Amino acid sequence: MLENSNATANLAVKDLEKAKAFYEGTLGLKQVDDMDGELIVYKSGDTVVNVYHSQYAGTNKATAATWAVGDQIEPIVKALRSKGVTFEHYDMPGLSLEGDIHVGSGMKVAWFKDPDGNILNLVGE
């Protein structure tokens, strides 16, 4: 039923201006819509990311959005680190930490948070 439809990440934030600086300035996403200062829509690949104002921002303790970046994970992690992004380090079975990238089972993963604590990650190969 939904197999041919794109899915959209919805990320709750407390301060849209602070979020805008992060998602545009740090991550490099391009704004494609703004709905009355309550929701900003960003283009990301073939989909969009909705960043919206919510009193519940930062309450999700799980990964909220994932970017599949293939073999570009190392340069992207390096570029984000140079922009002040701090990466999360987790103790996960089957994965070892190499710098800021968790490696194992044929994949590479790096987790980081936005200013409101939403957990975001990059998955590479």
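Residues numbered from 1 in each chain as written. Predicted model: local features only at pLDDT ≥ 70, side-chain atom pairs only at ≥ 80, totals over all residues. Heavy atoms only, no water.

### What about the overall build of the protein chain?
When its secondary structure is counted, the protein chain shows 2 helices and 10 strands. Mapped from its N terminus to its C terminus, the protein chain presents α and β elements in the order β-α-β-β-β-β-α-β-β-β-β-β. The C-alpha radius of gyration of the protein chain comes to 15 Å, within 12% of the 14 Å expected for a compact globule of 125 residues. By its C-alpha atoms, the protein chain is 45 × 40 × 25 Å across when sized along the principal axes. By the burial criterion, 38% of the 125 residues in the protein chain qualify as buried. Here the contacts in the protein chain between residues at least 6 apart in sequence split such that 53% fall between residues at least 24 apart. (Helix = DSSP H or I, 4+ residues; strand = E, 2+ residues; numbered from the N terminus. Rg over C-alpha atoms; globule rule 2.2 N^0.38 Å. Buried < 20%, exposed > 50% of the residue type's maximum accessible area, 1.4 Å probe, protein only. Contact = heavy atoms within 4.5 Å.)

### Section: the UniProt feature "domain: VOC" (unreviewed entry) in the protein chain
In this structure's numbering, the residues bearing the UniProt feature "domain: VOC" (unreviewed entry) are residues 5-125. In this annotation, residues 5-125 is assigned 17% helix and 45% strand; the end-to-end C-alpha distance for the span is 25 Å. (UniProt positions renumbered as here; feature names shortened; annotations may be inferred.)

### Quick look at the side chain of Asn-118
Its location among the elements puts Asn-118 in the loop between β9 (107-113) and β10 (119-124). Accessibility expressed as a relative area gives 4% for Asn-118, which makes it buried. Apart from residues lying up to four places away in sequence, Asn-118 is in contact with Leu-11, Ala-12, Val-13, Gly-58, Phe-112 and Lys-113.

### Remarks on helix α1 (residues 16-26)
For α1, every residue scored as buried is listed here: Leu-16, Ala-19, Phe-22, Tyr-23 and Thr-26. Seen end-on, α1 carries its buried residues on one side only, within an arc spanning 150°. Buried residues along α1 sit in contact with β1 (9-13), β3 (39-44), β4 (47-53), α2 (73-82), β9 and β10. You can read the cap of α1 off the contacts: a side-chain oxygen lies 3.0 Å from the backbone nitrogen of Glu-17, and it is on Asp-15. (Arc of directions from axis to C-beta. Polar contact = N/O pair within 3.5 Å; in protein donor to acceptor, adjacent residues only side chain to side chain.)

### Points about unusual backbone geometry
Even without glycine at this site, Asp-36 takes up a positive phi of about 55°. Take Asp-36: it is sitting in the loop between β2 (30-35) and β3. Of note, Ser-105 is a non-glycine position whose phi angle comes to about 50°, a positive value.

### Things to note about the pattern of salt bridges
In a structure, side chains of opposite charge can pair up when their charged atoms sit close to one another. Per the counting criterion, the structure on display carries 3 salt bridges. In this structure, the salt-bridge partner of Glu-74 is Lys-108, at a minimum N-O distance of 2.5 Å. Of this pair, Glu-74 sits in helix α2 while Lys-108 is found in strand β9, placing the two residues 34 residues apart along the sequence. Given the relative accessible area of 35%, Glu-74 is considered partly exposed. (Salt bridge = Lys/Arg side-chain N within 4 Å of Asp/Glu carboxyl O.)

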